Amino acid sequence: MTDPSYYQDHIRNFSIIAHIDHGKSTLADRLIQQTGGLTQREMSEQVLDNMDIEKERGITIKAQTVRLHYTAKNGENYELSLMDTPGHVDFAYEVSRSLAACEGALLVVDAAQGVEAQTLANVYQSIEHDHEIIPVLNKVDLPAAEPERVRHEIEEIIGLDASEAVLASAKSGIGIEDILEQIVAKIPPPGGDRNKPLKAMLVDSWYDPYLGVVILVRVIDGVLKKGLKIKFMAQGTEHLVDRVGCMRPKIEQLPELAAGEIGFITAQIKEVSQTAVGDTITTVKDSAPEPLPGFKEVQSVVFCGLFPVDAADFEKLRESISKLRLNDASFTFEMESSAALGQGFRCGFLGLLHLEIIQERLTREYDLDLITTAPSVVYKIIMNDGSEQFLHNPADMPDVVKIAEIEEPWIEATIYCPDEYLGGILKLCQDRRGIQKNLTYVGDRAQVVYELPLNEVVFDFYDRLKSISRGYASFDYHQIGLRNGQLVKMNIMVNGDPVDALSMIVHRDAAEVRGRHMCERLKELIPRHLFKIPVQAAIGGKVIARETISAMRKDVTAKCYGGDISRKKKLLEKQKKGKAKMREYGNVSIPQEAFIAALKMGDES
Amino acid sequence: MGPLALYVHWPFCVSKCPYCDFNSHVRAQVDVAVWEAALLTDMAYEAAQVPGRKLSSIFFGGGTPSLMPPALVAKLIVAAERHWGFADGIEITLEANPSSVEAANFEDLAQAGINRVSLGLQSLDDQTLEFLGRAHDVEEGLAALDTAQQAFDRVSFDLIYARPSQSLESWSAELQRALSFGTDHLSLYQLTIEPGTRFETLVRTGELIPADDDHMADLFDLTRNLTTAAGLPAYEISNHAPLGQESRHNLTYWRYQDYVGIGPGAHGRRLESATERHKKPENFLSAVARNGNGLKVEQPLAPETRAMEALMMGLRLAEGVPLEALEAKTGLTIAHMLDAPAVDQLAKLGLLTMTDQRLTISAKGMPLLDALLPKIIADI
């Protein structure tokens with residue numbers, strides 16, 4: 001083994017910051033290929049994004065890492081650790097931990113599209129970590145590429161010197177060697193002392209069917225070895241290390257991971273939920289005196305109910321959710337029972353995208369048909385007696401007369417868009433009770449900062465933003481705490497009975513519009529019955545919107561003779577089976593499709 | 001043992017109508033001798049299954065049974081009488097197209113034993129007849145009606161209403177005219193778009209817009225009011241006659257009594273089983289040649305199924321369903337057959353009545369029968 005200090009000098013830890021579609025994964029693949037991590041034959045497309053959904057959406061959900069062996073032009077050998085960061089606003093904390101594990105970053109910007117809001121958020125984080133940032137202008141070989149304009153943008157908007165930005169095309173293999181050389185030359189080697197007590201950061205973890213829970217770590221001080229008894233400082237649990245290694249990207253076992261290195265360990269851990277991202281790992285003996293800074297408990301921001309379309313699938317849903325959770329400790333779930341939708345789970349997520357990902361994985365990987373109730377945020381309810389509670393299901397709202405006030409979470413949102421769409425975006429933010437904080441122009445692009453109540457954002461904000469800007473606006477946010485709000489619980493009543501799955505908490509000013517819209521939709525969705533049915537939206541006892549579904553007047557087969565019996569009988573049997581998929585509300589049968597459609601509604605246009 | 005009815009299906013038509021989903025086929029040539037032999041064989045088979053029961057009615061349906069040579073009709077009637085014997089006052093009905101060609105046969109058909117015809121007049125408006133794909137016009141149809149009324153004791157005819165963009169006024173005028181011809185039976189069907197028909201295709205492509213349900217309900221009410229005023233009240237959803245002039249054959253279906261069905265695609269209910277013949281004429285012929293009958297399916301029906309079928313059919317009648325008789329017929333209790341809370345609720349809404357063990361759909365409930373049935377019938 002070489003001299004440890006020489007070795008540490010030749011380590012480079014870096015991440016790649018990029019907006020979705022700007023070519024992060026392709027670039028990562030190129031770097032792996034160039035340094036011989038995998039042969040051409042072994043390269044399946046985009047090695048790092050290994051979940052189907054990640055491949056489809058072009059985003060990274062779990063942080064992955066790969067260690068590259070690179071012989072630089074100076075003849076020296078380097079170990080480069082590439083840390084792939086989650087690419088979405090919902091995973092901001094995970095991103096911050098991944099960045100904290102590195103000393104530098106490649107800022108990959110599409111040379112045709114320029115800087116986007118997501119890129120900005122991550123690059124600022126990276127700057128806060130004192131990272132050395134290497135700008136890479138990707139896709140320079142595209143006809144629409146404007147490297148000079150984008151170079152200027154990087155300098156103007158981010159304030160980085162982009163004069164030495166690498167002109168690259170990950171797809172065509174242009175500029176890859178330049179990137180590797182700049183990594184070696186510009187990114188500093190990690191610090192840390194292998195002789196100090198162990199301090200390693202838990203960057204991420206995932207479940208592997210063969211290895212159990214695999215933990216991605218960055219060793220800050222000390223050494224991690226097989227057989228070592230370790231302690232998770234925040235979690236307070238102890239484990240025995242049974243494997244130490246790195247990914248190249250194939251798994252390679254190593255004798256140790258020392259200060260400055262990124263790699264993985266396994267420690268006979270069965271569930272991902274036993275590991276907390278950002279936790280500090282130390283030894284049981286000779287523990288580090290204090291943990292690394294920056295640890296945060298993961299907290300769910302958005303909640304919704306997940307119910308099986310077919311009630312018989314409840315057990316399957318329970319098993320599937322439990323299995324998923326083995327691999328993703330960032331969502332929470334508990335049993336929920338709804339008169340409308342039957343048995344299901346109330347689940348908490350880091351954000352809307354996270355919700356969508358989990359929902360999609362359940363649907364796709366576990367083959368479940370799901371109903372998702374309207375997403376809700378967490379409200380703080382202050383009761384008249386001064387007690388407080390957190391509400392994440394509108395159905396659990398206490399009696400209004402006992403409530404002193406309600407607080408709702410707010411966010412600061414940064415939206416970045418071509419200026420032609422600005423008008424529509426400002427109106428959207430305004431309609432959603434937004435407070436404008438800042439508006440700046442760079443060339444023909446605008447950056448606008450708004451404070452917004454989160455509950456207005458979980459309600460189809462992304463979709464509206466996308467359609468207003470034809471997909472050109474990018475969006476990023478962080479939470480800025482709770483604020484008092486004029487919030488009310490709106491019930492939807494069908495034939496006088498409240499429908500639990502459709503109740504929602506809304507701002508008083510928006511209640512009437514939302515209520516009217518919901519009543520109109522339900523009028524379309526609920527089939528006519530043998531009697532007329534009032535559909536009402538109400539706050540407390542006060543009806544704020546009402547529609548009436550008139551009674552059915554005709555449903556009869558004109559001709560029915562000897563030969564028609566069998567056919568008619570089949571129809572009747574089908575109708576009787578259909579009854580099973582209906583929910584009864586005050587004698588009104590509401591087909592499940594009506595709930596699904598009502599919950600999907602969002603377009604208030 | 002109650003009465004037994006015989007249904008004979010003649011599957012051939014000159015052309016297919018765009019609204020019709022019945023088992024009808026267009027063939028260039030029909031070998032009458034082959035069909036005579038096959039139908040007689042099929043009838044003999046059924047006669048052997050259900051012996052010793054007198055026939056109360058025979059019905060020749062189709063297709064277009066008025067295209068059958070009267071001699072063939074005569075032979076089938078003679079054979080039926082030989083197999084079973086006729087009850088007093090047997091009703092022998094034949095469906096007929098009101099064309100001049102077919103009307104020319106009416107006298108011979110009456111001679112053969114037909115004593116009731118059901119004419120497919122369908123409309124008293126030439127444009128509508130064209131829209132419905134009918135070969136006759138109003139004048140020809142009415143001439144055939146006149147001929148029929150001279151040849152047969154009892155005459156009924158069919159009209160199709162609730163046609164696209166048909167107003168209440170125009171249907172009222174058409175129906176009043178129809179009532180003025182003095183027949184003692186009318187079948188008045190709302191146009192329904194059946195799967196697999198040309199009309200269904202037109203609806204799908206947006207070329208045909210069916211009447212909406214509310215308008216159909218208004219037309220239905222109007223029909224009931226006019227026919228009642230004229231002395232031909234509805235005794236079934238779409239059938240109107242003074243007391244005693246109902247189609248006895250069709251009452252057999254609705255009262256869920258036994259009937260034997262022969263010929264392609266014919267259905268039967270006898271010996272607590274459902275029977276169904278091969279639909280395609282050629283398959284029917286080869287089945288008869290092979291097996292001595294045209295059966296495709298013969299399936300015993302569970303008591304629950306029979307109860308369901310009996311309610312489904314019987315509640316179409318103004319007279320309703322006598323529940324004690326149904327209990328006796330199926331061996332099931334009323335509690336087992338009916339969803340009592342639902343029946344109560346529907347009674348409160350005025351959609352049905354339950355008196356003296358008789359379940360009857362009210363005038364208000366009749367146009368909603370298909371929606372009522374799944375509620376009324378218990379989950380089995």
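Up top you'll find the structure we're talking about.
Summarised in this report is the structure supplied together with it. (Residues numbered from 1 in each chain as written. Chains lettered and ligands numbered in written order. Predicted model: local features only at pLDDT ≥ 70, side-chain atom pairs only at ≥ 80, totals over all residues. Heavy atoms only, no water.)

## Remarks on the overall build of chain B
Then comes step 1: Each helix and strand in chain B was counted, giving 16 helices and 15 strands.
Then comes step 2: Across the 380 residues of chain B, 56% fall into the buried class.
Then comes step 3: Partitioning the intrachain contacts of chain B with sequence separation of at least 6 by distance along the chain shows that 70% fall at a separation of at least 24.
Then comes step 4: For chain B, the accessible surface area stands at approximately 15,300 Å², while carbon and sulfur atoms represent 52% of it. (Helix = DSSP H or I, 4+ residues; strand = E, 2+ residues; numbered from the N terminus. Buried < 20%, exposed > 50% of the residue type's maximum accessible area, 1.4 Å probe, protein only. Contact = heavy atoms within 4.5 Å. Areas by Shrake-Rupley, 256 points an atom, 1.4 Å probe, with all protein chains shown as cover.)

## Points about the overall build of chain A
Then comes step 1: If you tally the helices and strands in chain A, you get 15 helices and 34 strands.
Then comes step 2: When the 605 residues of chain A are sorted by exposure, 58% land in the buried category.
Then comes step 3: When contacts within chain A are restricted to residue pairs at least 6 apart in sequence, those whose partners lie at least 24 apart make up 70%.
Then comes step 4: Accessible area for chain A stands at about 25,400 Å²; split by element, carbon and sulfur atoms hold 48% of it.

## With respect to the sheet that holds strand 13 (residues 251-253) of chain A
Across a sheet, paired strands are connected by hydrogen bonds in the backbone, their directions being either parallel or antiparallel.
Residue and element names in this part refer to chain A.
Then comes step 1: Strand order in the open sheet formed by 8 strands is 11-10-16-7-8-15-12-13, with antiparallel pairing between adjacent strands. The open sheet terminates on both sides in strands that have one partner only, identified here as strand 11 (237-240) and strand 13. The mean inter-strand angle of the sheet, taken between neighbouring strand axes irrespective of direction, is 40°.
Then comes step 2: Here strand 7 (residues 199-208) pairs with strand 16 (residues 280-283) via 2 bridges, running antiparallel. Bridge assignment links A200 to a residue of strand 16, and that residue is I281. (Pairing = 2+ DSSP bridges. Axes fitted to C-alpha atoms, helices over the stretch in contact; angles between N-to-C directions.)

## Overview of the sheet that holds strand 15 (residues 358-361) of chain B
All names here are of chain B.
Then comes step 1: Strand order in the open sheet formed by 3 strands is 13-15-14, with antiparallel pairing between adjacent strands. The sheet is open, and its two borders are formed by strand 13 (321-322) and strand 14 (352-355), each paired with just one other strand.
Then comes step 2: Pairing geometry for strand 14 and strand 15, over 4 bridges, is antiparallel. Bridge pairing links L352 to I361 in strand 15.

## A closer look at the packing of aromatic side chains
Then comes step 1: Counted according to the given criterion, the structure contains 20 aromatic pairs over all chains.
Then comes step 2: On the basis of an interplanar angle of 70° and a centroid distance of 6.1 Å, the ring pair of W10 of chain B and W35 of chain B is categorised as edge-to-face. Highlighted residues: W10 of chain B in strand 1 (residues 4-10) and W35 of chain B in helix 1 (residues 32-49), separated in sequence by 25 residues.
Then comes step 3: Owing to a relative accessible area of 3%, W10 of chain B belongs among the buried residues under this scheme.
Then comes step 4: Seen from their ring centres, F157 of chain B and F181 of chain B are 6.3 Å apart, and the 55° between their planes marks the pair as tilted. One end of the pair, F157 of chain B, is in strand 5 (residues 154-161); the other, F181 of chain B, is in the loop between helix 7 (168-179) and strand 6 (185-190), and 24 residues separate them in sequence.
Then comes step 5: A residue is classified by how much of its surface remains accessible, and F157 of chain B, at 0% relative accessible area, is buried.
Then comes step 6: Judged by its relative accessible area of 23%, F181 of chain B falls in the partly exposed class.
Then comes step 7: We note R483 of chain A situated over the ring of W410 of chain A; from NZ or CZ to the ring centre the distance is 4.6 Å. (Phe/Tyr/Trp six-rings, centres within 6.5 Å; stacked < 30°, edge-to-face > 60°. Lys NZ or Arg CZ within 6 Å of the ring centre and 35° of its normal.)

## Looking at the side chain of E407 of chain A
Residues and elements named next belong to chain A.
Then comes step 1: Mapping E407 onto the fold places it in strand 24 (residues 403-418).
Then comes step 2: Of the side chains with opposite charge, K380 comes closest to the buried, unpaired E407, at an N-O distance of 4.0 Å.
Then comes step 3: Sequence-distant contacts of E407, that is, excluding residues within four places in its chain, are made with Y379, K380, I382, L482, R483 and N484. (Lys, Arg positive; Asp, Glu negative; His and termini not counted. Salt bridge = Lys/Arg side-chain N within 4 Å of Asp/Glu carboxyl O.)

## Considering the pairing of strand 11 of chain A
Residues and elements named next belong to chain A.
Then comes step 1: In this sheet, strand 11 lies alongside strand 10 (residues 229-232) in antiparallel orientation, the contact comprising 4 bridges. Residue I230 lies in a different strand from strand 11, and its bridge partner there is H239.
Then comes step 2: Linking strand 10 to strand 11, which pair antiparallel, is a turn of 4 residues; within it G236 sits at a positive phi near 75°.

## Side note on the environment of C429 of chain A
Residues and elements named next belong to chain A.
Then comes step 1: Along the polypeptide, C429 turns up in helix 10 (residues 422-431).
Then comes step 2: Residue classification places C429 among the buried positions, given a relative accessible area of 0%.
Then comes step 3: Between the C-alpha atom of C429 and that of F461, which follows or precedes it by 32 residues, the distance is 8.9 Å.
Then comes step 4: Not counting the four nearest positions on each side in its chain, C429 is found in contact with I415, G434, Y450, L452 and F461.

## Some details on the pattern of salt bridges
Then comes step 1: In the structure shown here, the tally under the stated rule is 44 salt bridges over all chains.
Then comes step 2: With its nearest N and O atoms 2.8 Å apart, the salt bridge here joins D431 of chain A to K427 of chain A. Highlighted residues: D431 of chain A and K427 of chain A, both in helix 10, separated by 4 residues, approximately one helical turn.
Then comes step 3: Under the relative-accessibility criterion, K427 of chain A is labelled exposed at 51%.
Then comes step 4: The closest approach of N and O atoms between R270 of chain B and E46 of chain B, which form a salt bridge, is 2.7 Å.

## Things to note about the interface of chain A and chain B
Then comes step 1: Contact residues are listed per partner, giving 26 residues for chain A and 46 residues for chain B.
Then comes step 2: For the pair chain A and chain B, the summed buried surface comes to about 3,500 Å²; carbon and sulfur atoms form 57% of the total.
Then comes step 3: If you sort the residues of chain A by the area they bury against chain B, L530, R553 and K554 of chain A come out on top, with a joint share of 21%.
Then comes step 4: Viewed at the interface, chain B and chain A are joined by 6 salt bridges.
Then comes step 5: For the pair chain A and chain B, the interface holds 19 residue pairs in polar contact (both at pLDDT 80 or more).
Then comes step 6: When the residues that make up the side of chain A that touches chain B are grouped by side-chain class, the tally is 9 nonpolar, 6 polar and 11 charged. (Buried area = accessible area lost by both parts, 1.4 Å probe. Polar contact = N/O pair within 3.5 Å; in protein donor to acceptor, adjacent residues only side chain to side chain. Nonpolar A, V, L, I, M, F, W, Y, C, P; charged D, E, K, R; others polar.)

## A look at the nonpolar core
Then comes step 1: Core analysis: the biggest nonpolar cluster contains 151 residues, and L6, I58, F60, W84, I114, F152 and I376 of chain B have the highest contact counts within it.
Then comes step 2: Broken down by element, the residue count for this core peaks at 7 residues, all from helix 2 (residues 70-84) of chain B.
Then comes step 3: Apart from residues lying up to four places away in sequence, W84 of chain B is in contact with L4, L6, M43, E46, A47, V50, R53, K54, L55 and V260 of chain B.
Then comes step 4: Counting residues in hydrophobic clusters, the runner-up holds 52 residues, among them L306, L368, M397 and L487 of chain A. (Core = buried A, V, L, I, M, F, W, Y, C linked by side-chain atoms within 4.5 Å.)

## Concerning the pairing of strand 12 (residues 243-247) of chain A
When a strand is regular, its side chains alternate between the sheet's two faces.
All names here are of chain A.
Then comes step 1: A large share of strand 12 lies buried, amounting to 4 of its 5 residues.
Then comes step 2: Alignment of strand 12 against strand 15 (residues 262-266), held across 3 bridges, turns out to be antiparallel. In the strand pairing of strand 15, G245 is matched with F264.
Then comes step 3: The pairing of strand 12 with strand 13 spans 3 bridges and is antiparallel. The partner of C246 across the bridge, within strand 13, is E252.
Then comes step 4: The loop that links strand 12 with its antiparallel partner strand 13 comprises 3 residues.

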